[in-house]
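Below are the chains, spelled out letter by letter.
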Amino acid sequence: MIVVFFYLFFLIEAHADFSILAASRLVKIPEKVSFEQAATAMIQGITAHYLVHTTGRVTAGTKVLVHAAAGGTGSLLCQVAKNAGAFVIGTCSTEAKAKKAKEAGADEVILYRDKDFVEEVLKITDKKGVNVIFDGIGKSTFLKGFNCLERLGINISFGQVSGPPDPIDLGVLSKGSFSVCSPYLYDYIFTEEDLKWRSSVVFDWILKDKVKFGDFTILPLSDGKNAYEMLETGKSTGKILMRT
């Protein structure tokens, strides 16, 4: 069995042919998982794993709200939460994205441009709200989310697409004994054991087709200019993998 090692983190030497790394920061790619699959799925896969299973503590019956549910990380969160037995509500901007979110496992999808997501969440949950919010948007959604969070719920801010969230008044949290978390990937794979555990789960998802990862484009390392242009113009689909 040929074993290939894959480095998990973003590298400062992102365009380098070689890098010197600690062995403890590497994971083995299973024989039936391609390098391309591992390289394009690992970061978002581990992120979805720790957000759902550790930060959000999602279990059967948990009510979850996923913002940007049709995006790369959002669609993975829908799938992983649904696999854990959660009731998943997603938000997105268009009917086409709503369809994608449904395919990823969202039970209900809210078009936030047409309807207020707080009002819709309260309607869907019979005014009880959700237990967990996965917010990768930031400023435009985070504080508002507390208005549809159930008592003892947690609002998780893992992205800032619309800018950093405004400061939180502790009085907002006391309305329902809410919790807040702004997680950082490195803390969840700080030890070699945690890194191997979470990466092995992601590989298992791939091998058993438990989670659908997005498409990816492979470009040679020498074609970096084209890769950045594809990202800037929105012409890319899924991840872009650059390799020698």
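Our subject is the structure that appears above.
Heads up: these notes are all about the structure in this document. (Residues numbered from 1 in each chain as written. Predicted model: local features only at pLDDT ≥ 70, side-chain atom pairs only at ≥ 80, totals over all residues. Heavy atoms only, no water.)

**A few points about a nonpolar patch on the surface**
Link 1 in the chain: Among the surface-exposed residues, Tyr184, Tyr186 and Phe190 lie close enough to one another that they form a single nonpolar patch of about 350 Å² accessible area.
Link 2 in the chain: Within the secondary structure layout, Tyr184 lies in the loop between strand E8 (179–181) and helix H7 (185–188). (Patch = residues over 30% accessible without salt bridge, like charges linked within 9 Å, V, L, I, M, F, W, Y side chains within 5 Å. Areas by Shrake-Rupley, 256 points an atom, 1.4 Å probe, with all protein chains shown as cover. Salt bridge = Lys/Arg side-chain N within 4 Å of Asp/Glu carboxyl O. Helix = DSSP H or I, 4+ residues; strand = E, 2+ residues; numbered from the N terminus.)

**As for the packing of helix H1 (residues 35–55) against helix H8 (residues 192–207)**
Link 1 in the chain: In the contact formed by H1 and H8, the axes pass within 9 Å of each other and the chain directions differ by 110 degrees. Taken together, H1 and H8 sit at an angle that is classed as roughly perpendicular. Once H1 is placed against H8, the crossing between them reads as right-handed. Taking contact as the criterion, the partners of Gln37, Ala38, Ala41, Met42, Gly45, Ile46, His49, Tyr50 and Thr54 in H1 are, on H8, Leu195, Trp197, Arg198, Ser199, Val201, Val202, Phe203, Trp205 and Ile206.
Link 2 in the chain: Considering only residue class, the contact of H1 with H8 consists of 12 nonpolar, 5 polar and 1 charged. (Axes fitted to C-alpha atoms, helices over the stretch in contact; angles between N-to-C directions. Parallel < 35°, antiparallel > 145°, perpendicular 65-115°, else oblique. Left-handed = near helix turned anticlockwise from the far one by under 90°. Contact = heavy atoms within 4.5 Å. Nonpolar A, V, L, I, M, F, W, Y, C, P; charged D, E, K, R; others polar.)

**Looking at the packing of aromatic side chains**
Link 1 in the chain: By the definition in use, this model includes 4 aromatic pairs.
Link 2 in the chain: Relative to Phe178, the ring of Phe146 lies with its centre 5.8 Å away and its plane at 35 degrees, an arrangement referred to as tilted. Within this pair, whereas Phe146 is found in the loop between helix H5 (142–145) and strand E7 (149–157), its partner Phe178 is found in the loop between helix H6 (170–174) and E8, the two being separated by 32 residues in sequence. The same class applies to Phe146 and to Phe178, which are both buried. (Phe/Tyr/Trp six-rings, centres within 6.5 Å; stacked < 30°, edge-to-face > 60°. Buried < 20%, exposed > 50% of the residue type's maximum accessible area, 1.4 Å probe, protein only.)

**Quick look at the pairing of strand E3 (residues 63–66)**
Within a regular strand, side chains alternate between the sheet's two faces.
Link 1 in the chain: Of the two faces of E3, the one carrying Lys63 and Leu65 and the one carrying Val64 and Val66 are both buried.
Link 2 in the chain: The parallel pair E3 and strand E4 (residues 87–92) is bridged by helix H2 (residues 72–83), and the resulting crossover is right-handed.
Link 3 in the chain: In this sheet, strand E6 (residues 130–135) lies alongside E3 in parallel orientation, the contact comprising 3 bridges. When the bridges of E6 are listed, Val64 appears paired with Val132. (Right-handed = clockwise from strand over helix to strand, strands pointing away. Pairing = 2+ DSSP bridges.)

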